[in-house]
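# Structural overview
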Amino acid sequence: MSSLKITSHKNCADCPVHDKLSLQKLGVNAENADYIVALAGNPNTGKSTVFNALTGLRQHTGNWTGKTVARSEGSFVFHDKKYKVIDLPGTYSLISSSLEEEIARDFILFGKPDVTVIIADATRLERNLNLILQTLEISSRAIVCVNLTDEARKSGIEIDTKTLSRELGVPVVPTVARDQKGIYELLSSIEKIATSPEPIKSRTIYSIDDAFSGQLNQLEDTIMSLYPKLPNAKWLATRILDGDKTIIEALQNGEIGSHPQEDVQNSIDASQLENLFTQVEEIKQRLPANYHDRLIERSFEEAERIAGKTVIQVGKKRKFDRDFLLDKIFLSPIFGYPIMFALFALMFWITIAGANVPSSLLFDLLVGKIHPALNEFGTNIGLPWWLSGFLFDGMYLATAWVVSVMLPPMAIFFPMFTLLEDFGYLPRVAFNMDNLFKKAGAHGKQVMTMMMGFGCNAAGVVATRIIDSPRERLIAIITNNFAICNGRWPTQILLATIFIGALVPAHLAGFVSAMAVVGVALLGVAFTFLVSWGLSNTALKGQPSVFSLELPPYRAPKFWQTIYTSLIDRTIFVLWRAVVFALPAGAVIWLISNINVGAAPIAEHMVHFLDPLGWFLGLNGIILVAYIVAIPANEIVIPTILMLIVLMSGMEDAGSGAGVMFETDSISSLTALLKGNGWTLLTAVNLMLFSLLHNPCSTTIYTIFKETKSSKWTLVSTFLPIAMGFAITSIIAFLWRL
């Protein structure tokens with residue numbers, strides 16, 4: 001919670017500075033509010049920035065990670081009154097053809113906020129006016145916040161806010177929310193509307209054609225008699241006549257009549273509803289065929305008329321148009337794809353190379369120093385060997401390994417991803433890739449979730465919230481595992497270095513190894529398209545949906561704020577889930593290595609049991625056991641494999657004891673260890689493929705279940721890649737041995 005207060009100062013109670021400092025930002029403390037404020041607006045208008053400016057919350061302001069699909073809440077106190085702020089999903093209209101539109105529309109209509117603040121982009125006012133007009137049809141207890149006026153001014157655009165206010169019939173406040181400009185004026189307008197004793201009646205901003213105004217008025221009168229205190233009966237009538245399924249279902253199910261708001265409640269019996277729908281059908285028969293088209297056209301015509309009176313071009317437009325020039329490059333069919341691949345390759349290289357030093361330092365601290373200290377502590381206080389091993393060599397060591405290997409790459413990748421998002425480049429990536437995903441029967445925005453998956457699959461699954469269609473969102477969730485997350489990169493790089501690089505002269509080894517890893521990553525992208533196409537033509541059959549993709553202006557991101565929010569929103573969130581699952585994994589690894597059944601530990605029995613299957617797949621039992629016990633985190637696969645090799649071979653001079661994971665800094669000694677225990681080029685190739693095609697980690701599996709609320713699709717997401725991995729590795733092993 002952040003709060004602004006002043007010390008006592010004589011005779012200043014009424015000065016503007018004192019008044020501005022009466023704002024207290026309460027963050028998420030939204031209980032017992034006096035008034036409710038809804039924030040609505042198109043995507044990329046700065047709506048979340050206004051939300052942050054009012055409440056003090058520091059949430060990520062981009063629209064490509066699904067941040068605004070779910071409703072966000074915050075609060076503030078102004079002049080001793082508490083306001084609860086609801087940040088509604090960004091949407092282009094309230095016609096309810098998507099989940100975002102339905103949430104926003106229903107809250108404004110049925111939630112009856114005391115004030116609805118509609119955020120508009122000053123550089124694109126005409127485009128934003130469509131949503132403004134639709135919102136004002138539902139409720140005129142509204143304020144239009146014209147944001148980004150600084151960017152409009154740079155483009156030679158001025159907004160006549162007085163004329164705009166007169167045309168719309170509601171207050172209009174110009175702001176630059178990211179710099180806190182105009183926020184006080186917005187607060188004053190919110191206070192004025194919220195405390196207004198008389199309700200402001202909603203009205204239709206534009207006229208209805210005479211061809212069907214009479215029929216519409218008849219239906220409006222009927223609705224008013226049934227629901228006398230709904231915000232706008234005329235709007236409800238137009239939506240019913242237009243066949244709005246959600247409104248019709250709400251009437252049929254009694255959701256409108258039984259809404260918790262007391263002033264909307266009414267006793268409606270079945271016969272009254274039947275008469276209403278009979279009247280609707282009769283009116284539909286008399287309506288002209290172009291009824292729906294005319295409603296939409298009138299909205300856009302009115303938006304064009306108002307924009308023509310209120311948007312003023314100041315002087316000549318600047319000769320140099322940065323956005324136009326950048327789009328000519330980034331959206332070019334010649335340069336767009338190479339730049340996109342080069343940029344993301346650079347991101348991955350920076351992530352992998354940049355994480356080496358912090359990972360080593362963190363590993364040295366958590367594993368090299370704290371782990372021995374914990375063992376010494378256990379010895380000093382007389383802990384039994386089994387308890388000390390279980391706690392420190394099992395649970396702690398696995399968790400420390402996950403943190404040291406997982407945290408640095410995520411702390412580098414996610415901020416870079418967020419900076420590109422805030423700069424405005426990522427919507428261009430979706431634009432470039434939309435056609436390819438459409439051919440695969442998937443959604444163009446899936447490319448964004450796939451790229452997020454290269455950082456972490458759990459984060460990629462959460463990011464699928466940006467996809468409106470439930471069918472296409474499921475496809476994106478199921479296929480996200482084909483993006484190699486940062487936990488799998490070490491396995492790919494290690495095997496390529498030892499086995500693939502050894503096939504060529506030393507001066508080419510690094511390049512060939514890198515290309516092998518890139519090849520596996522591109523194979524994962526190919527599987528994404530292939531499986532998306534297969535699902536969209538079988539279990540998830542359907543046509544690719546049409547979606548509106550606004551290309552926002554390029555903006556310089558606020559660097560340090562972006563770094564902070566990406567670390568909190570993404571890195572820490574995902575890392576915490578991984579830690580929760582790594583703790584029990586470490587315990588299991590230690591237990592199966594130290595509990596004997598007969599003369600051998602459980603792990604040895606598991607390895608022998610799975611060896612035949614491993615051979616058939618071109619792998620071995622050790623690898624399969626490692627993937628079973630390392631489900632919580634891919635980061636511990638290689639350490640677990642090495643621990644099991646030492647356990648099975650009985651090597652006294654390697655490792656740190658039964659059930660104790662370890663790595664070696666020497667590539668030559670690691671090469672000797674693997675090859676000395678029967679590893680071949682076939683083993684390495686198939687392990688690289690199996691690392692790509694195996695079940696998601698438990699953090700991702702849990703996230704899939706949370707997002708889909710479906711055991712069925714969670715199981716499909718888990719076992720489909722395993723089945724593919726088994727099929728492909730077995731085929732390669734068979735052909736290899738011919």
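The preceding data block contains the structure.
What follows covers the packing of helix H16 (residues 426–439) against helix H17 (residues 446–455). Between H16 and H17, the least distance of the axes is 8 Å, while the angle of their chain directions is 110°. As the angle between them shows, H16 and H17 are arranged roughly perpendicular. Between H16, through Leu-426, Val-429, Ala-430, Met-433 and Phe-437, and H17, the contact on the second element is made entirely by Gln-446, Val-447, Met-448 and Met-450. Class assignment of the residues belonging to the contact of H16 with H17 gives a composition of eight nonpolar, one polar and no charged.

Here we come to the environment of Tyr-92. The topology assignment puts Tyr-92 in the loop between strand S5 (81–87) and helix H3 (99–111). Looking at Tyr-92, the relative accessible area reads 23%, which means it is partly exposed. Placed 35 residues apart in sequence, Tyr-92 and Arg-127 show a C-alpha to C-alpha distance of 8.6 Å.

A few words now on the packing of helix H19 (residues 470–479) against helix H21 (residues 506–536). The contact between H19 and H21 brings their axes to 10 Å, and the two run at 140°. The orientation of H19 with respect to H21, classified from their angle, is oblique. Like other packed secondary-structure pairs, H19 and H21 cross with a definite hand, here right-handed. Residue-level inspection shows Arg-471, Ile-475, Ile-478 and Thr-479 of H19 in contact with H21, the latter providing Thr-528, Val-531, Ser-532, Leu-535 and Ser-536. The residue inventory of the contact of H19 with H21, partitioned by class, reads four nonpolar, four polar and one charged.

Let's shift gears to unusual backbone geometry. One non-glycine residue, His-79, adopts positive backbone phi at about 55°. Considering the arrangement of structural elements, one finds His-79 in the loop between strand S4 (72–78) and S5. Assessed through its relative accessible area of 29%, His-79 is described here as partly exposed. In this structure, Leu-148 takes a positive phi of about 65° despite not being glycine. Assignment of secondary structure puts Leu-148 in the loop between strand S7 (142–147) and helix H5 (149–154). On the accessibility criterion, Leu-148 (7% relative accessible area) is buried.

This paragraph deals with empty space enclosed by the protein. Taken as a whole and judged by the stated rule, the model has three cavities of 30 Å³ or more. A volume near 50 Å³ is recorded for the second largest cavity. Going through the elements one at a time, helix H14 (336–380) and H17 are the ones with two or more residues in the lining of the second largest cavity. Ranked by residue count, the leading element in the lining of the second largest cavity is H14, at three residues. Here the lining of the second largest cavity is composed, by residue class, of five nonpolar, three polar and no charged.

With that settled, consider the side chain of Ser-710. Note on placement: Ser-710 falls in the loop between helix H28 (698–708) and helix H29 (711–736). A distance of 3.3 Å separates the side chain of Ser-710 from the backbone nitrogen of Lys-712, its partner in a polar contact.

With that settled, consider the nonpolar core. One finds Phe-344, Val-429, Val-447, Phe-454, Ile-641 and Trp-679 to be the most contacted residues of the largest nonpolar core, which totals 105 residues. Considering each element in turn, this core owes the most residues, 14 residues, to helix H15 (residues 385–423). For Ile-641, the residues in contact, after removing those within four places along its chain, are Ile-622, Ile-623, Ala-626, Trp-679 and Leu-687. If you look at the next biggest cluster of nonpolar residues, it comprises 28 residues, including Ala-40, Leu-236, Ile-247 and Leu-276.

On to the pattern of salt bridges. Where charged atoms from two side chains of opposite charge come close, those side chains can pair. Under the criterion given, the structure shown has twelve salt bridges. Notably, a salt bridge pairs Glu-707 with Arg-465, separated by 2.8 Å at the nearest N-O pair. Residue Glu-707 is located in helix H28, and its partner Arg-465 is located in the loop between helix H18 (457–463) and H19; the two are separated by 242 residues in the primary sequence.

On to a nonpolar patch on the surface, then. The grouping of Leu-325, Ile-329, Ile-334 and Phe-335 at the surface amounts to a nonpolar patch, some 390 Å² of accessible area in total. Structurally, Ile-329 can be placed in helix H13 (residues 322–330). On the basis of relative accessible area, Ile-329 is assigned to the partly exposed category, the value being 34%.

Its 26 residues place the ends of H29 38 Å apart at the C-alpha level, agreeing with the 38 Å of an ideal helix rising 1.5 Å per residue. Its maximal kink placed at Phe-719, H29 deviates by approximately 25°, while the proline Pro-721 follows within four residues. By the burial criterion, the buried members of H29 are Trp-713, Thr-714, Ser-717, Thr-718, Pro-721, Ile-722, Met-724, Gly-725, Thr-729, Ser-730 and Ala-733. In this structure, the buried side of H29 is in contact with H19, H21, helix H23 (602–616), helix H27 (681–692) and H28. Between the side-chain oxygen of the N-cap and the backbone nitrogen of Lys-712 there are 3.3 Å, and the N-cap of H29 in question is Ser-710.

Rules behind the numbers
- Residues numbered from 1 in each chain as written.
- Predicted model: local features only at pLDDT ≥ 70, side-chain atom pairs only at ≥ 80, totals over all residues.
- Heavy atoms only, no water.
- Axes fitted to C-alpha atoms, helices over the stretch in contact; angles between N-to-C directions.
- Helix = DSSP H or I, 4+ residues; strand = E, 2+ residues; numbered from the N terminus.
- Parallel < 35°, antiparallel > 145°, perpendicular 65-115°, else oblique.
- Contact = heavy atoms within 4.5 Å.
- Nonpolar A, V, L, I, M, F, W, Y, C, P; charged D, E, K, R; others polar.
- Buried < 20%, exposed > 50% of the residue type's maximum accessible area, 1.4 Å probe, protein only.
- Left-handed = near helix turned anticlockwise from the far one by under 90°.
- 1 Å grid on protein atoms, 1.4 Å probe; cavity = no way out; pocket = protein on both sides within 12 Å on 5 of 7 lines; lining within 4 Å.
- Points joined across faces, edges and corners; volume = space filled by probe spheres on them.
- Polar contact = N/O pair within 3.5 Å; in protein donor to acceptor, adjacent residues only side chain to side chain.
- Core = buried A, V, L, I, M, F, W, Y, C linked by side-chain atoms within 4.5 Å.
- Salt bridge = Lys/Arg side-chain N within 4 Å of Asp/Glu carboxyl O.
- Patch = residues over 30% accessible without salt bridge, like charges linked within 9 Å, V, L, I, M, F, W, Y side chains within 5 Å.
- Areas by Shrake-Rupley, 256 points an atom, 1.4 Å probe, with all protein chains shown as cover.
- Expected span 1.5 Å × (residues − 1).
- Bend = angle between axes of the 7 residues up to and from the residue.

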